[in-house]
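If you want the building blocks of each chain, they are given just below.
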There are 4 protein chains.
Amino acid sequence: MVRAQLLLHCPDKPGIIAQVTNFITVNKGNIVYLDQYVDHVENIFFMRIEWELDGFLIPKEKIEDYFQTLYAQKYDMSFRLYFTDYKPRMAVFVSKMSHCLYDLLARYTAGEWEVEIPLIVSNHEDLRHVAERFDIPFHCFPITKENKAEQEAREMELLRENGINFIVLARYMQVISEQMIESYPNRIINIHHSFLPAFVGAKPYHAAYARGVKIIGATSHYVTTELDAGPIIEQDVVRITHKDTVNDLISKGKDLEKIVLSRAVQKHIERKCLVYKNRTIIFS
Amino acid sequence: MVRAQLLLHCPDKPGIIAQVTNFITVNKGNIVYLDQYVDHVENIFFMRIEWELDGFLIPKEKIEDYFQTLYAQKYDMSFRLYFTDYKPRMAVFVSKMSHCLYDLLARYTAGEWEVEIPLIVSNHEDLRHVAERFDIPFHCFPITKENKAEQEAREMELLRENGINFIVLARYMQVISEQMIESYPNRIINIHHSFLPAFVGAKPYHAAYARGVKIIGATSHYVTTELDAGPIIEQDVVRITHKDTVNDLISKGKDLEKIVLSRAVQKHIERKCLVYKNRTIIFS
Amino acid sequence: MVRAQLLLHCPDKPGIIAQVTNFITVNKGNIVYLDQYVDHVENIFFMRIEWELDGFLIPKEKIEDYFQTLYAQKYDMSFRLYFTDYKPRMAVFVSKMSHCLYDLLARYTAGEWEVEIPLIVSNHEDLRHVAERFDIPFHCFPITKENKAEQEAREMELLRENGINFIVLARYMQVISEQMIESYPNRIINIHHSFLPAFVGAKPYHAAYARGVKIIGATSHYVTTELDAGPIIEQDVVRITHKDTVNDLISKGKDLEKIVLSRAVQKHIERKCLVYKNRTIIFS
Amino acid sequence: MVRAQLLLHCPDKPGIIAQVTNFITVNKGNIVYLDQYVDHVENIFFMRIEWELDGFLIPKEKIEDYFQTLYAQKYDMSFRLYFTDYKPRMAVFVSKMSHCLYDLLARYTAGEWEVEIPLIVSNHEDLRHVAERFDIPFHCFPITKENKAEQEAREMELLRENGINFIVLARYMQVISEQMIESYPNRIINIHHSFLPAFVGAKPYHAAYARGVKIIGATSHYVTTELDAGPIIEQDVVRITHKDTVNDLISKGKDLEKIVLSRAVQKHIERKCLVYKNRTIIFS
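Residues numbered from 1 in each chain as written. Chains lettered and ligands numbered in written order. Predicted model: local features only at pLDDT ≥ 70, side-chain atom pairs only at ≥ 80, totals over all residues. Heavy atoms only, no water.

Asks: Hey, could you run me through the relation of the copies chain D and chain A in this one?
Replies: Note: a rotation about an axis with an accompanying shift along it relates these two copies of the chain. Superposing chain D onto chain A takes a rotation of 180 degrees plus a shift of 0.0 Å along the axis, which leaves an RMSD of 0.0 Å. This pairing of chains is accounted for by a two-fold axis. It is D:Ala198 whose C-alpha, among those of chain D, lies nearest the rotation axis, at 2.3 Å. A shared binding surface is used by both copies, with 100% of the interface residues of chain D retained as interface residues in chain A. (Least-squares fit on C-alpha atoms with pLDDT ≥ 70 in both. Contact = heavy atoms within 4.5 Å.)

What follows is the structure, encoded as structure tokens:
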């Protein structure tokens, strides 16, 4: 059964929950999910609500319009409306390391996620064989300082042609240009191999070893134009000891990276992430 | 500012959230907390809602009555209503180990919790000195097979006299009788020193060592008449290795026990626990 | 450079470490790893020591004999000697769920492990396509109550022909017969989808849901003839809430299962597991 | 039975373990603990070894001298020798928050640690009542910019008079001067309320909230002259969500802080910490 998913935020005022739930209920929608949160610092109300469209009195294609007119204007809301019969289309960008890519594709192939992966992009040929194992088109755009703008333009063209909604950087070892980031606002998901904000930038495991930390982490975040500073979606950590070499950290970190990235991608696919002022609300 | 806290559950039907939030809003209450959950297996709706009473049109002492008449009957609801200007009264039961008691009293003395602790009960004299350090009356009821019923009757009398709302068993090494349990349904909180349901009963650390587990845990639960089988409020774990002796497990376990128990007590004090069919809903 | 790896245990006595390290050092071996542990309950000494064979005065093929004569007899030792130029050969058994298999094969294909995987065995055809993606022979032995003994005999024959050293049950949903278990003592690694010893047997996620636990786990262990009771190699857990349905537990559990199984397999491949009386010593 | 505890490090060479264990064994010492580690990056060998002195042929007061002459010179070792019949003397420094102090004193009073706590130092009067509850002398040295050098001189004098071996900063909200730090090299233990190196300096919970992290941490480290940059002894973390306010982080963080600090103090008391180039080796 098709469901509608509504994510919204607006200045907090009494009565919003009552109004929105009433809107759905009087129009004979059955609410199957509601999670809300008030940021009392910023005085912002956030909500995610999901209802079954079977028997809903407002036609699917007019819901957005009605909601805009009746509530969004009145409460100064920002909102996004989704339907569960539309599968988002995701591109995966990789370089040379395969662990995150395998994890994404194993879930995809097993049918765990409501998503399409029409293509994989890389700046190296190394992982073409993985794409071929899973029968997914692999596009290689080698990038140098000189050709970066041009290659990214070709990538953007490819993404447009394939109707890509969001991009997953699965250990893609290239900084994305501002122009590309701004074309996919809060729709490029990166995995950084440290517990951000510790160890921003290159070689975080080497830095973690040098600092002598007892726990390492991985962080999945939306990409913004400031390096490794975008809104965090998910983090996790694992305990290490003085016996762990840099290679041990890299090895233990790989398991973290793939799990943390996949959890973040899943939350995004389920439309449970909402970004506000560089922080995420992750609905339950 | 005084707030009302309403916890309820009932068979799930469309419109309940809208009705309840509307009830509060039209009567000029400002909702500051809402968390809800639908158990789709049992088809039960659960909700915790909290609002400021300042300016609320219905007098505090009549809210329960109004809510009962207008909604509880209609939706076949069970509900409990609390006010934040009433501090619950908690009794602590201990035996010989001090770690949980110190942790509870340190928080209490530092003013972390909205609770009163008018007394400590024990079946041994060992921890009288701790109670004295914190100036809390200590009542010792040594228990033997012969005097158990009589001693528990005296304890119950003492609890009544002191208006005790709930009991915390802080490593109290005595099984509570059915009669006492039934007098405090879902209001006796125990800490069991294992990851339940593994290692029910006595000497769980010895059993964990013998089984060779790699992780140990602690579990806080409401006491029911079946040993260590009541609704679980909180659990946590810590990693161990083959190098850890039984004494190491006991030592590492103590830190778990006190933290897990204190988290559970805090959730109970904040009225964020709801029990349904031997499972807890822990509101966020 | 080839290294020797020696794992041993014996009744604890003064001087064993000195004797063993001296044996290696005077024969011009360079020790690159030493981990030891004394079980003071059983009074057993355990050790894992690794040294470079380059320049070692005793020929590789005679080390076992010399060590047996000079030390093992004297101290009543059990020991196993390995060389790093021999890759163990591992068979993977699967049924219908692919997540553990993908995780094992992704690591294998990426060259993370010093192991050979010459074949995959299943009682169902479902995962043949995964084996084919990775170009590994897939052998299907459908099992019924009637043909079980016969099919296992064929499996055993296949394992022998392929020189299989150890077996990994990657969510293989069939109980292995005693005969097969005894042919591979402490060399069959299983993943059980619960935090053992809680929820032994079938449908542990359903049982965990029913019990209302706040944390779920996965356990990798060597298979013994008693169901889910063998020596535990590795465990891990993840936090859940009352909002998680049985399907959520299954989904979150899958990530645990694959990581826990792969960690256990890695420890086994590195010859860092030693079993003594149903407990494992996992060397660092 | 009294035991000797020897911690050492030196350039790694073949034969050191054999030599040291042989030294103890031939002199009739029974080794009850051995943990060693080779840093292959720096090529340094580290070892902690513990043996029973009963029947040991070298008199207790001459062991250091013998070991220096026979081995330390030869291998260019740094070493420290302790005996288990000497209880180290620890001073606790606090400001206004009581949670770490209570946790330390509860363990101390329960006899969990082989340590003496002859005094508590503070720059505020707030926690005098806690010291009094536990009958430990409380010394208040209010500190201003003007009197800091003078007050620290008085503190140092007090520490000397009381034979203090090491200092625990239990949320002491004052930067310690270089002179004092250098008088207690790797013997001042601090708890920092973040997952270092993230959020160095003041108000880390506010910074963590602003950055929108999904996990917070606490770090216990030896104090060096660079702020929050000393060798890390222990860290731990706890998961948070967007719903947690700064006050929630502070509250959840308190539990981390006290546990992490107490674990670090315990490791120090057990002489299981060794510092090398701003990293710690924490023996098992």
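Asks: In this structure, what is going on with empty space enclosed by the protein? I would like to understand it.
Replies: The tally for this structure, following the rule as stated, stands at 10 cavities of 30 Å³ or more. Size it by volume and the largest cavity reaches roughly 180 Å³. Looking at the largest cavity, it is lined by 23 residues, and the ones nearest its centre are B:Asp103, B:Ala106, B:Lys258, D:Asp103 and D:Lys258. Those elements that provide at least two residues to the lining of the largest cavity are α3 (99-109) and α8 (246-269) of chain B together with α3 (99-109) and α8 (246-269) of chain D. (1 Å grid on protein atoms, 1.4 Å probe; cavity = no way out; pocket = protein on both sides within 12 Å on 5 of 7 lines; lining within 4 Å. Points joined across faces, edges and corners; volume = space filled by probe spheres on them. Helix = DSSP H or I, 4+ residues; strand = E, 2+ residues; numbered from the N terminus.)

Asks: It is not clear to me how the packing of helix α3 (residues 99-109) of chain C against helix α8 (residues 246-269) of chain C should be interpreted in this structure. Could you clarify?
Replies: Residues and elements named next belong to chain C. Where α3 meets α8, the axes come as close as 9 Å, and the angle between the chain directions of the two elements is 40 degrees. When the axes of α3 and α8 are compared, the pair comes out oblique. The interaxial crossing formed by α3 with α8 has right-handed handedness. Residues His99, Cys100, Asp103, Leu104 and Arg107 of α3 form the contact with α8, whose participating residues are Lys254, Glu257, Lys258, Ile259, Leu261, Ser262 and Val265. Of the residues assigned to the contact of α3 with α8, the class counts are 5 nonpolar, 2 polar and 5 charged. (Axes fitted to C-alpha atoms, helices over the stretch in contact; angles between N-to-C directions. Parallel < 35°, antiparallel > 145°, perpendicular 65-115°, else oblique. Left-handed = near helix turned anticlockwise from the far one by under 90°. Nonpolar A, V, L, I, M, F, W, Y, C, P; charged D, E, K, R; others polar.)

Asks: Looking at this structure, how should I read the domain arrangement of chain A?
Replies: Much of the literature gives interface size as the accessible area that the parts lose upon coming together. All names here are of chain A. Under the domain assignment used here, chain A contains domain 1 (3-83) and domain 2 (89-282). A separation of 31 Å is found between the C-alpha centroids of domain 1 and domain 2. Domain 1 puts 14 residues into the contact, and the matching count from domain 2 is 9 residues. Across the contact surface, domain 1 and domain 2 share 1 salt bridge. (Domains from an automatic or database assignment. Salt bridge = Lys/Arg side-chain N within 4 Å of Asp/Glu carboxyl O.)

Asks: I would appreciate a short explanation of the relation of the copies chain C and chain D in the present structure.
Replies: Relative to chain D, chain C is turned by 180 degrees and slid 0.0 Å along the rotation axis, the superposed coordinates differing by an RMSD of 0.0 Å. Interface overlap between copies is the fraction of interface residues in one copy that are interface residues in the other; for chain C against chain D it reaches 100%, indicating a shared surface.

Asks: Got a minute to help me understand the interface of chain C and chain D in this structure?
Replies: If you look at the interface, chain C gives 12 residues, while chain D gives 13 residues. Taking both partners together, chain C and chain D bury about 1100 Å²; carbon and sulfur atoms supply 58% of that area. By the criterion of area lost to chain D, the three top residues of chain C are C:Ile17, C:Ala18 and C:Leu34, representing 32% of everything that side buries. The interface formed by chain C and chain D holds 0 salt bridges in total. The interface formed by chain C and chain D holds 1 residue pair in polar contact (both at pLDDT 80 or more) in total. If you tally residues by element for the side of chain C that touches chain D, the top one is helix α1 (residues 16-26) of chain C, at 5 residues. Partitioned by chemical class, the residues of the side of chain C that touches chain D number 5 nonpolar, 7 polar and no charged. (Buried area = accessible area lost by both parts, 1.4 Å probe. Polar contact = N/O pair within 3.5 Å; in protein donor to acceptor, adjacent residues only side chain to side chain.)

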